[in-house]
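Here are the chains, one letter per residue:
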Amino acid sequence: MSHITLARQGLDAVEAKQWDEAVTKLSKALQQSTNPAWLVGRSKALVGLKRFDEALDDANLAWHQAWERNKRPLLVDAQYRRAIAYYRLGQLANADCCCVYAMRLVKGSPAKEKEDPKLALMDERGRWKPTLADAMEEARTDDFNVGDGASGMALATKPKPTSSQSSEWRLASTLRMQILRALDSLPEDDPARVVTTSLVPEEKKLAVLASKETMTSEPTVAAQPAAKPVVPHGTPLRLQDFQSNTTMSVSIFSKGNDKEKLKVEFTPSAVRMDPVVYPGGEEKEFVLELWGEIDAAASKYTVTANKVELTLAKKTPGKWAKLQKDEDGGTAAAVTSVSETPKASSEGNKEDTALPAQPPQPVAEQPKVTPAPAAAATTTTTAGPSYPSSSRTGPKNWDKIGAEAGDDEEDADVNLFFKKLYKNATPEQQRAMMKSFTESNGTTLSTDWNDVKERKVETKPPEGVEAKKWS
């Protein structure tokens, strides 16, 4: 079995939270290539096994490998995994510092800045100065979180963040709030307040790790869970798409693609990619025959660790009946496609997180927040609502996210945060929250009664989502 196939199976095991299998297979693959995406995956699996020091070493090495390969998105991932490892180790100041590094990278700062940003955020004794209130104010005012609302003037003078960048920024911002909430409760002289990390992490050689079963000498009596089956050759790629009147956005879920090697060609009626890594591990050409015509020159693509994302500019504005041509063209059998025209939601761009792409942001005293539009009403039961999902792990029960102490930080319960925010708000703030959320059809949340009391709060769906009236 090739090391690429082993790595793919290891990353699939990370998604399924089968931590031991993930560590075993990724460790074998990493002996052949220290791919930063594989190191990031193994770091996450090690956190799941509570092996936090080893997880930190992998995240640090992932940063250096991403730097050598000029993989900026993986530099962001590495800093984020460093933050999680430090958080689990109880080094809260170091954890928040790495969140700051990740957020600055998303916004375009150099990976190696002339002056370490931490120097402006620590006192003369090395203690971390930022507080939860600082992080919440940043989330309330920063262009990467506010969007087209109050910060429109600022966005006019600088490049507008993509949905992928905004999602990564928000993920790190949410983790910051968890870290700083814990940090604010510590005594002033607590060692966790002291910053000892740096922008460029310590680099160690690749550690040879064993799975949890091989680390113990005690015989295992209980039956072990069945190993995840090998993905057979010929398994089709999985697609997901959504559209506006002018663009068709397509996510092609394919892990391990070489960004430098992959060639993407746009034609008026098709997209040709070569080579693409299929679920079974084989690398070959993939051709997407389109239902409508596109402007090839205006279309573009991005390659991430988990997928290839296409943004197709429609030649003629309007809605397509579907993404692909009829199956007699021979291409529909090459993929498993999940098509959706967004009405009140959009898919998250980080496949290994459980947070929505544009979740309601945990912000206090926020005049304008643009949360994800409310989903269609469901019947509430004692087990909590379960929403439709195309995830291979099935529907997600958002009311249970974060309920277990072992859950990842990505599974933070944003809904619980807003319940607490509403509960602790003044009656005037509660009125503002109810009025703004109801009138805007769930797309805007405000705590400023003076701002909303004499006007109707308009519906402002996120970019790429179309608001529709239902009879």
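Conventions used here
Residues numbered from 1 in each chain as written. Predicted model: local features only at pLDDT ≥ 70, side-chain atom pairs only at ≥ 80, totals over all residues. Heavy atoms only, no water. Helix = DSSP H or I, 4+ residues; strand = E, 2+ residues; numbered from the N terminus. Buried < 20%, exposed > 50% of the residue type's maximum accessible area, 1.4 Å probe, protein only. Contact = heavy atoms within 4.5 Å. Salt bridge = Lys/Arg side-chain N within 4 Å of Asp/Glu carboxyl O. Core = buried A, V, L, I, M, F, W, Y, C linked by side-chain atoms within 4.5 Å. pLDDT = per-residue confidence, 0-100. Axes fitted to C-alpha atoms, helices over the stretch in contact; angles between N-to-C directions. Parallel < 35°, antiparallel > 145°, perpendicular 65-115°, else oblique. Left-handed = near helix turned anticlockwise from the far one by under 90°. Pairing = 2+ DSSP bridges. Expected span 1.5 Å × (residues − 1). Polar contact = N/O pair within 3.5 Å; in protein donor to acceptor, adjacent residues only side chain to side chain. Phe/Tyr/Trp six-rings, centres within 6.5 Å; stacked < 30°, edge-to-face > 60°.

(A) How the structure looks around the overall build of the protein chain. Helix and strand content of the protein chain: 14 helices and 8 strands. Across the 471 residues that make up the protein chain, the buried fraction comes to 49%. When contacts within the protein chain are restricted to residue pairs at least 6 apart in sequence, those whose partners lie at least 24 apart make up 63%.

(B) Main features of the pattern of salt bridges. Enumeration over the complete set of coordinates arrives at 19 salt bridges. Among the ionic pairs, Asp96 bridges to Arg176, the shortest N-O distance being 2.6 Å. Placement of the pair is Asp96 in helix 6 (residues 92-106) and Arg176 in helix 10 (residues 163-184), with a sequence separation of 80 residues. Across the pair Lys435 and Glu439 runs a salt bridge whose closest N-O atoms are separated by 3.0 Å. Taken together, the residues span about one helical turn, with Lys435 and Glu439 both in helix 13 (residues 427-439) at a distance of 4 residues. Three or more residues are tied together by salt bridges with common partners; here these are Asp12, Glu15 and Lys255.

(C) Geometry of the nonpolar core. Ranked by internal contacts, the top residues of the largest apolar core, which has 72 residues, are Trp38, Trp128 and Leu175. Looking at this core element by element, the count peaks at 12 residues for helix 6. If you look at the next biggest cluster of nonpolar residues, it comprises 22 residues, including Val250, Val264, Phe266 and Leu288.

(D) View of the confidence of the model for the protein chain. Confidence along the protein chain averages 76 in pLDDT terms, with 71% of residues attaining 70 or more. In the predicted structure, residues 211-223 sits below a pLDDT of 50 and forms 10 contacts with residues beyond four places in sequence or in another chain.

(E) Quick look at the packing of helix 3 (residues 36-48) against helix 4 (residues 52-68). In contact at an axis separation of 8 Å, helix 3 and helix 4 are set at 165 degrees when each is read in the N-to-C sense. With respect to their mutual orientation, helix 3 and helix 4 come out roughly antiparallel. Crossing of helix 3 against helix 4: the hand is left-handed. The residues of helix 4 that touch helix 3, namely those facing Pro36, Leu39, Val40, Arg42, Ser43, Leu46 and Val47, are Phe52, Glu54, Ala55, Asp58, Ala59, Leu61, Ala62, Gln65 and Ala66.

(F) Focus on the pairing of strand 5 (residues 283-289). As paired elements, strand 4 (residues 270-277) and strand 5 share 6 bridges and run antiparallel to each other. Note on strand 5: the bridge partner recorded for Val276 is Lys284. Counted along the chain from strand 4 to the antiparallel partner strand 5, the turn is 5 residues long, and its residue Gly281 has a positive phi close to 100 degrees.

(G) Molecular detail of helix 4. In this model, helix 4 (17 residues) spans 25 Å end to end at C-alpha, consistent with the 24 Å of a helix rising 1.5 Å per residue. In this fold, the buried residues of helix 4 make contact with helix 3 and helix 5 (72-89).

(H) Structural detail: helix 1 (residues 3-15). Given a rise of 1.5 Å per residue, 13 residues ought to cover 18 Å, and the 18 Å separating the end C-alpha atoms of helix 1 matches this to within 8%. Summarising burial for helix 1: 11 of the 13 residues are buried, a large majority. Restricting attention to buried positions, one finds in helix 1 the residues Thr5, Leu6, Ala7, Arg8, Gln9, Gly10, Leu11, Asp12, Ala13, Val14 and Glu15. Positive phi shows up at Lys17, right after helix 1, with a value of about 60 degrees.

(I) Highlighting the side chain of Arg42. Structurally, the position occupied by Arg42 is in helix 3. Overall, the relative accessible area of 0% leaves Arg42 in the buried class. A distance of 2.9 Å separates polar atoms of two side chains, one belonging to Arg42 and the other to Ser27. In this structure Arg42 touches Val23, Leu26, Ser27, Leu30, Asp58, Leu206, Ala207 and Leu209, once residues within four positions along its chain are discounted.

(J) The arrangement of the packing of aromatic side chains in detail. Inspection of every chain in the model, using the stated rule, returns 3 aromatic pairs. For the ring pair Phe266 and Tyr301, a centre distance of 6.4 Å and an interplane angle of 45 degrees mean the geometry is tilted. Of the two residues, Phe266 is situated in strand 3 (residues 263-267) and Tyr301 in strand 6 (residues 300-303); the sequence distance between them amounts to 35 residues. By relative accessible area, which is 35% here, Tyr301 ends up partly exposed.

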